[in-house]
Structures are given as structure tokens and as C-alpha cells.
Amino acid sequence: MRPAAAIVLEAFKEQRWKRNGTTGRKPSLSGCCNCETVFDYDAKCAQAAALEEQMASPGFWNDAARAREVVAQLKALRAVTKPLEDVVRTAADLPGMLELAEADEGFAAEVRGEIERLEQAVAELELKALLSGPHDACGAILSIHARDGGTDANDWAEMLLRMYTLWAQKHDYEVVLLERQDDAVAGIQSATIAIRGPWAYGYLKGETGIHRLVRISPFNAEGKRQTSFAAVDVSPEVSDEVEIEINWEKDVREETMRSGGAGGQHVNKTESAVRLVHIPTGLEVKCQNERSQHQNRAMARKMLLARLVRIEEEKREAEQAAKYKSRAKVGFGSQIRSYFLHPTQRIKDSRTGYVEYNFHQVLDGGLDGFLDAYLKWRVKGELAGSVSEDD
């Protein structure tokens, strides 16, 4: 079942509403699914009101970190409620607009344009409805590590860092560099960024895995074709209130060191960088871009919490996938996408089969097609394995 606006649009496409402004049987707006119910509209409005009340309380802004989290939560809620209100309001006006279009042929063109705009809005809302994970509304902590391929892999890792940064900027998300290890020749060995904005993690969580690049190497004097690999890991940026128990004294080993990078007043002069190792799982995180050891320790703890939350989420997803005959090849160690610059340009997702042929557009942040295809693929339950991939 679909929202009322989508039903009207479907009727228009079936030409019940003719171009000359006359109408046949009008589509019924009753009996359809209420999109307010799909998004739990009343609950989200109540949550937004509670957050606004918090923001109005005295001393709210004294705790900058907590205030930032509350503002982010409010933005995530408004990213759903405001477009939903617009769709419901416009859909309610459509019957009257159709009546006017019968008498005014010139107005009919405006109605068609309004329906097309409404279709796009409904499609975006339907996509948001796929973001149903417990942490999907959170920001994302995204790490990139160069893998096999030598200098080409380091260069490829830096290209991916640029791609995700540009994608985030196009969506008005905040990007904060948490850690970066440059390679001695070119590119990076690893980097970690925080992407903060409504639903950032929900959109990006499917990027976890191995990304493969095939091209003529700019670092090979003989101009040979080179295959390079980089690993991407995405975790939700959770608040300190998340229900993950960590014994910071017994379960976590802390190491301090001088920060790497270009230098500065504080960087490279004091042991401000912090590395944390979670002994039970072997997880390791590092933060070096804050100005003090205290700030780096706080951010590193947050990064470790995010990784542990991601592990718990993967366990939950694995339990849900157990009802299928075989598991999909997803995760930090699985190849999920190939990027070809030679012999032809194309980018293919090995899970969804989605393909783009404009390599540079995707590397300039044009990832939405892949992200949307992944969300729809997950909802359809296509967990029987990966789509075969051309070499």
C-alpha cells in the first residue's frame, strides 16, 4: 500500500487524467496506507518537542558535547517530519487542484509539475523509511585503510577519503578529520573521519568492506594495469549514554605517542596522540587530531564505543540473516565494489549489481545511486550471495 500522493500520481501516469484537462474516474484517496503511521509521525513529533524543551532549559549550552548531540537528534527528527508534513499537505490539496484543472487547461500543466514534485518527495520519504536500524539516525565514523597494491593502494585510499568527504559536503554534513597516516611516497596508509548529520550512518553503513580499483598505474613506468584494494569500515557515532559496558581499566590498553602530520604548535611536540586497544576483541582505535591528550582520549573512547556498537549490530543482522539459505558476502573483509578505469570506465557493486559508468562523477561524491540501491537491496532480503562480477 502506498501514500495518497503516490496513488494520485499513479492514476495520472495511467492517463485517467488526460492532457486536455478532462478526467475520467478519479483515483480514490481513501483506503490507502497513511504515511504518517509508517514513520510513527506522532512519536517523532513528541520526541522533537521534548528535545526543544531541553534546548530551552537554563544551562543547556554549558555542556557543549551534550548540546551538540541533542541538536543532531533534533535535526534527524526534523529531516523526516518536515518533508512528511509537506507531502501530506500537498496530497490533501490535489483533489481540488484536479477539479480546477478540468476547467483550466493552462492550470493542468502546473498540476502535472506539482505531481512530479510530489513523486520525488514521496520517493525520498520511502527511502528514509528503509533507515530503520537502531543507530541509523546517528552520525558516522568512517575509517579507510590501504590494503594490497603498494603505493597504488595508498593513493586509492586517499581517493576514497576525498570521495566520502565530497559526498558529505554535498549533503551539508559536517566532516571532522580524526586521524590520518600519510604514506611516505603518495596517498595515505589510513584515515578516520566523523561525518555528522541526520541519517549519515544509515546511508553509509553499507560502505563497509573492500573497495577494488583497476587502472593503469600512474606509479608504474611501464604503464601496466594495476589492481589496488582499500578497506572501509563504518560505525555509528554514538553518545556516551549507549548501553555498551566497558571496563576502561581492565579491558582497554592505552598508549600515548607523538602525533603524526605536518606539525604545528602542539602536534609532534608532545605525546598528545592516543591509541586504545580493546583487549577482549582486539579492536584498535587511534586519535591524534585534537589539540590535547585529554581531547584525543575522549574522542578515541567514542570511536571505540562506535566500533563495539557496530559489532553488536552485525550480530543482530547475522541472526536476522540466519533464516536465509546462505549469507551475503558483506563486512569489513569482503569485497563489495569494483572501480574500473581500464579498459573501460565503470563502477559495479558486487552485492546489488548496481552500475555507474561515469567514474569521475562517483569519485567526486556522486554516491547516492549506490547507497540507495544498497538500502533497497537489504529490505528486499537479497541475502543469498553476491552478484557475479566481470573482470
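The written sequence of each chain sets the order in which its residues are numbered from 1. Residue-level local features of this predicted model are given only where pLDDT is at least 70; pairs of side-chain atoms are given and counted only at 80 or more, and the full residue set underlies all totals for whole chains, interfaces and linings. Only hydrogens and water are removed before side-chain values are computed, so all heavy atoms of the structure are retained for them.

## What about the overall build of the chain?
Cut-off, in case you're wondering: Numbered from the N terminus, helices here are DSSP runs of H or I no shorter than four residues, and strands are runs of E no shorter than two. When a residue's accessible area, from a 1.4 Å probe over protein chains only, is under 20% of the maximum for its type it is buried; when over 50% it is exposed; and in between it is partly exposed. Here, residues are in contact when the closest pair of their heavy atoms is within 4.5 Å. All accessible areas in this document rest on Shrake-Rupley with a 1.4 Å probe, and a residue is counted as covered only by the protein chains that are shown.
The secondary structure content of the chain amounts to 10 helices and 11 strands. Counting the 391 residues in the chain, one finds 45% classified as buried. Residue pairs at least 24 apart in sequence account for 66% of intrachain contacts in the chain once pairs closer than 6 positions are excluded. When the accessible surface of the chain is summed, it comes to about 20,000 Å², and 48% of that surface belongs to carbon and sulfur atoms.

## Section: the sheet that holds strand 8 (residues 283-287)
The criterion, for reference: In short, DSSP must find at least two bridges between two strands for them to pair. Lines fitted to C-alpha atoms define the axes here, with helix axes fitted over just the stretch in contact, and angles between the N-to-C directions of these axes take values from 0 to 180 degrees.
Strand order in the open sheet formed by 3 strands is 6-7-8, and the pairing between neighbours is antiparallel. The open sheet has two free edges, formed respectively by strand 6 (252-257) and strand 8, since each of these has just one partner strand. Across the sheet, the mean angle separating the axes of adjacent strands is 15° when strand polarity is ignored.

## Focus: the nonpolar core
Quick reminder of the rule: Think of a nonpolar core as a cluster: buried Ala, Val, Leu, Ile, Met, Phe, Trp, Tyr and Cys residues, connected wherever their side-chain atoms sit within 4.5 Å.
If you look at the biggest cluster of nonpolar residues, it comprises 41 residues, and the most contacted ones within it are L160, Y164, L204 and Y339. At the level of elements, helix 4 (64-103), strand 1 (139-146), helix 6 (151-170), strand 3 (188-196), helix 7 (200-204), strand 5 (225-237), helix 9 (359-363) and helix 10 (368-380) are the ones that each hand at least two residues to this core. Among the elements that make up this core, the one with the highest residue count is helix 6 (10 residues). With sequence-adjacent residues up to four places away left out, Y164 is seen in contact with L142, I144, I195, L204, E207, H211, V232 and L367. Counting 20 residues, the second-largest nonpolar core is a separate cluster that includes I246, V285, M299 and A306.

## Focus on the sheet that holds strand 3
One open sheet accounts for 8 strands, arranged 2-3-1-5-4-9-10-11; its pairing is mixed. Two strands lie at the open edges of the sheet, namely strand 2 (174-182) and strand 11 (355-356), each paired on one side alone.

## Some words on the side chain of T165
Within the fold, T165 resides in helix 6. Residue class for T165 comes out buried when judged on its relative accessible area of 18%. For T165, the residues in contact, after removing those within four places along its chain, are V175 and I193.

## A few points about helix 10
Heads up, the rule is: Here the expected length of a helix is defined as 1.5 Å per residue gap, with one fewer gap than residues.
The end-to-end C-alpha distance of helix 10 is 18 Å, a good match for the 18 Å that 13 residues give at a rise of 1.5 Å each. Of the positions making up helix 10, those classed as buried are F370, L371, A373, Y374, L375 and W377.

## Quick look at the confidence of the model for the chain
Low-pLDDT stretches of the model should not have their predicted coordinates read in fine detail. We count it as follows: Here pLDDT means the predictor's own confidence in every residue, given as a number from 0 to 100.
For the chain, per-residue confidence averages 76 on the pLDDT scale, and residues scoring 70 or more make up 76% of the total. Here residues 1-38 scores under 50 on pLDDT; set against residues more than four positions off or in separate chains, the count is 64 contacts. Within the model, the stretch residues 262-267 combines pLDDT values under 50 with 6 contacts to residues more than four positions away or in other chains.

## Here we look at the pairing of strand 8
Across the 5 residues of strand 8, 4 count as buried, placing the element largely inside the fold. Two strands pair when backbone bridges link them, and strand 7 (residues 273-278) and strand 8 are joined in this way by 5 bridges, in the antiparallel orientation. Bridge assignment links R275 to a residue of strand 8, and that residue is K286. Here strand 7 folds back onto strand 8, and the loop between the two strands holds 4 residues, one of which, G282, carries a positive phi near 80°.

## A word on unusual backbone geometry
Residues apart from glycine generally show negative phi values, whereas peptide bonds are mostly found in trans. With an omega dihedral of 0°, the bond running from H342 to P343 counts as a cis peptide bond. Even without a glycine there, the phi angle at D172 is positive, about 60°. In this structure D172 comes out as exposed when scored by relative accessible area, which is 71%. In the Ramachandran plot, W199 falls in the positive-phi region, its phi being about 70° despite a non-glycine side chain.

## Observations regarding the pattern of salt bridges
What counts is decided by this rule: By definition here, a salt bridge exists when the distance from a side-chain nitrogen of Lys or Arg to a carboxyl oxygen of Asp or Glu is within 4 Å.
In total, this model carries 16 salt bridges according to the counting rule given. A salt bridge links R215 to D155, with the nearest nitrogen and oxygen atoms 2.8 Å apart. With R215 in strand 4 (residues 209-216) and D155 in helix 6, this residue pair connects regions lying 60 residues apart in the sequence. In this structure, R215 and D155 share a single accessibility class: buried. With a closest N to O distance of 2.8 Å, D349 and R351 form a salt bridge. Relative accessible area serves as the criterion here: at 0%, D349 is assigned to the buried category. Owing to a relative accessible area of 2%, R351 belongs among the buried residues under this scheme. Each member of the salt-bridge network shares a partner with another, and the members are E207, R337, D349 and R351.

## Quick word on helix 4
We count it as follows: To obtain the bend at a residue, axes are fitted to the seven residues ending there and to the seven starting there, and the angle between these axes is taken.
Taking 1.5 Å per residue, 40 residues should reach 58 Å; helix 4 reaches 58 Å between its end C-alpha atoms and fits that length. In helix 4, a bend of some 35° at L94 exceeds every other bend along the element, and P95, a proline, comes one to four places later.

## Considering the packing of aromatic side chains
How we decide: Any two rings among Phe, Tyr and Trp, with Trp reduced to its six-membered ring, count as a pair given centres within 6.5 Å; such a pair is stacked if its planes are under 30 degrees apart, edge-to-face if over 60, and tilted if neither. By definition, being over a ring means that NZ of Lys or CZ of Arg is both within 6 Å of the ring centre and within 35 degrees of the ring normal.
A complete count under the given rule lists 5 aromatic pairs for this structure. Taken together, a centroid distance of 4.9 Å and an interplanar angle of 80° make the contact between Y354 and F370 edge-to-face. Here Y354, found in the loop between strand 10 (346-349) and strand 11, pairs with F370, found in helix 10; they are 16 residues apart in sequence, far enough to count as distant. Taking the relative accessible area as the measure of exposure, Y354 reaches 27% and is therefore partly exposed. Across the ring face of W248, the terminal group of R301 is positioned such that the distance to the ring centre comes to 4.4 Å.

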